[in-house]
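# Chains, contacts and geometry: an overview
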Amino acid sequence: MPSLSLSHIPVGVRFMVLSAFGFALMSACVKYVSNYGIPVFEIVAARAFVSLIISYLDVKRKGISVWGTNKPLLFLRGAVGTMSLMCVYYAVTTLPLAEATILQYVHPVFTALLGVLFLKEQIQKSTIVCILFCLAGLFVMVQPNIHTNIVNELPLFSIMIALCGAFGSSIAYVIVRKLSQTEDSSVIIFYFPLVALPISLTLIWDNFVWPSLFLTVMLIFVGIFTQIGQYGLTKAMQTQAAGKASAYSYVQIVFSALLGVWVFNEIPSVWTYMGGGLIVTGALINVLGMKILAPFKRMAS
């Protein structure tokens with residue numbers, strides 16, 4: 001029997017798994033520091049500060065201007081990304097890690113609809129199937145809120161904020177697709193912390209909490225793990241077909257669930273498994289196309 005080694009795994013898949021692990025660790029760090037009273041806006045500011053330094057050095061390494069050409073759209077991408085990140089971090093701090101991560105993967109639905117409205121893209125059959133699966137998954141996950149006698153109820157407000165984060169991510173993604181026609185990827189990344197840092201510092205106002213040395217290190221790790229996630233994602237898209245690479249990003253849900261159990265003693269409910277399974281299935285159908293349904297069609301025929 002041939003042995004399975006790391007060299008047998010495609011490079012793009014390895015980078016995508018690295019990306020998923022980086023983002024999962026980022027979310028775990030966000031949740032951890034929030035448990036010690038660090039406000040969401042302060043966490044966003046810390047991440048933006050670290051990302052701003054790293055992104056600036058990356059742009060200067062390439063020897064290009066940090067300001068780009070389409071400045072209004074670049075600033076809009078930064079503003080939308082900032083609002084989305086605040087929603088995502090709020091969801092991470094108020095929901096179990098697995099549930100907060102799963103809700104982020106509803107974004108293909110929003111992205112597809114925005115693509116039709118603003119980019120005049122044709123909606124594919126696989127995307128329609130994805131939307132139906134995601135809506136069904138959301139319905140299953142909020143079952144405890146509909147039937148109050150069911151345990152493991154999730155805060156409905158936090159669910160809505162998580163969906164707002166996913167919607168904001170979709171808007172940012174559509175803007176990035178537009179910007180990619182004229183701007184370097186490093187410049188697009190740089191504008192996010194450039195906008196996020198002053199906005200988050202303004203919103204902190206007098207709610208700043210002076211962190212201990214250990215919490216300061218954890219806040220720095222939020223920014224570092226974010227950069228690792230973005231680096232892995234970028235490299236995966238460069239070395240692997242986008243559809244195949246994206247399919248492996250969903251391993252982040254597994255990482256987040258394991259970290260939730262190990263670090264925060266969070267045990268996902270049966271509704272999370274069922275609803276999450278539907279959402280991930282729909283997202284994979286959207287990424288891989290209708291080919292994923294071919295075996296079931298042959299079984300039915």
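Here's what I pulled together on the structure shown here. (Residues numbered from 1 in each chain as written. Predicted model: local features only at pLDDT ≥ 70, side-chain atom pairs only at ≥ 80, totals over all residues. Heavy atoms only, no water.)

Attention now moves to the overall build of the chain. Along its length, the chain carries 14 helices and zero strands. The order of α-helices and β-strands along the chain, N terminus first, is α-α-α-α-α-α-α-α-α-α-α-α-α-α. Per-residue burial for the chain yields a buried fraction of 49% across its 301 residues. Considering only residue pairs separated by 6 or more positions, the chain has 87% of its internal contacts joining residues 24 or more positions apart. (Helix = DSSP H or I, 4+ residues; strand = E, 2+ residues; numbered from the N terminus. Buried < 20%, exposed > 50% of the residue type's maximum accessible area, 1.4 Å probe, protein only. Contact = heavy atoms within 4.5 Å.)

Relative to each other, helix H3 (residues 71-94) and helix H9 (residues 185-204) sit at 55°, their axes nearing to 8 Å. If you check the angle between H3 and H9, you find them oblique. Between H3 and H9 the crossing geometry is right-handed. From H3, Lys71, Leu74, Phe75, Arg77, Gly78, Ala79, Gly81, Thr82, Met83, Leu85 and Met86 reach across to H9, where they touch Val187, Ile188, Tyr191, Phe192, Leu194, Val195, Ala196, Ile199, Ser200 and Leu203. (Axes fitted to C-alpha atoms, helices over the stretch in contact; angles between N-to-C directions. Parallel < 35°, antiparallel > 145°, perpendicular 65-115°, else oblique. Left-handed = near helix turned anticlockwise from the far one by under 90°.)

Look at Trp205: it is not a glycine, yet its phi comes out positive at around 50°. Mapping Trp205 onto the fold places it in the loop between H9 and helix H10 (213-239).

Membership of the largest hydrophobic core comes to 70 residues, with the highest contact counts inside it found for Val33, Ile43, Tyr89, Leu95, Leu103, Val222 and Ile279. Once you skip the residues sitting within four places of it in the chain, Leu95 turns out to touch Lys31, Ala100, Leu103, Leu154, Pro155, Ser158, Ile159, Ala162 and Glu266. (Core = buried A, V, L, I, M, F, W, Y, C linked by side-chain atoms within 4.5 Å.)

This part covers the pattern of salt bridges. For the structure on display, the rule yields three salt bridges. Glu266 is the partner of Lys31 in a salt bridge, and the nearest nitrogen-oxygen pair spans 3.4 Å. Taken as a pair, Lys31 in helix H1 (residues 11-34) and Glu266 in the loop between helix H12 (251-264) and helix H13 (270-288) lie far apart in primary sequence, 235 residues in all. No difference in accessibility class separates Lys31 from Glu266, as the two residues are buried. Residue Lys62 pairs with Asp184 through a salt bridge whose shortest N-O separation is 3.1 Å. Taken as a pair, Lys62 in helix H2 (residues 40-62) and Asp184 in the loop between helix H8 (156-179) and H9 lie far apart in primary sequence, 122 residues in all. Judged by its relative accessible area of 35%, Lys62 falls in the partly exposed class. (Salt bridge = Lys/Arg side-chain N within 4 Å of Asp/Glu carboxyl O.)

Turning to H9, a few remarks are in order. The end-to-end C-alpha distance of H9 is 29 Å, a good match for the 28 Å that 20 residues give at a rise of 1.5 Å each. Buried residues of H9: Ser186, Val187, Ile188, Phe190, Tyr191, Phe192, Pro193, Val195, Ala196, Leu197, Ser200 and Ile204, and no others. For H9, the side-chain oxygen to backbone nitrogen distance between the N-cap and Ser186 is 2.8 Å, and the N-cap itself is Asp184. In the stretch just after H9, Trp205 is the one whose phi turns positive, near 50°. (Expected span 1.5 Å × (residues − 1). Polar contact = N/O pair within 3.5 Å; in protein donor to acceptor, adjacent residues only side chain to side chain.)

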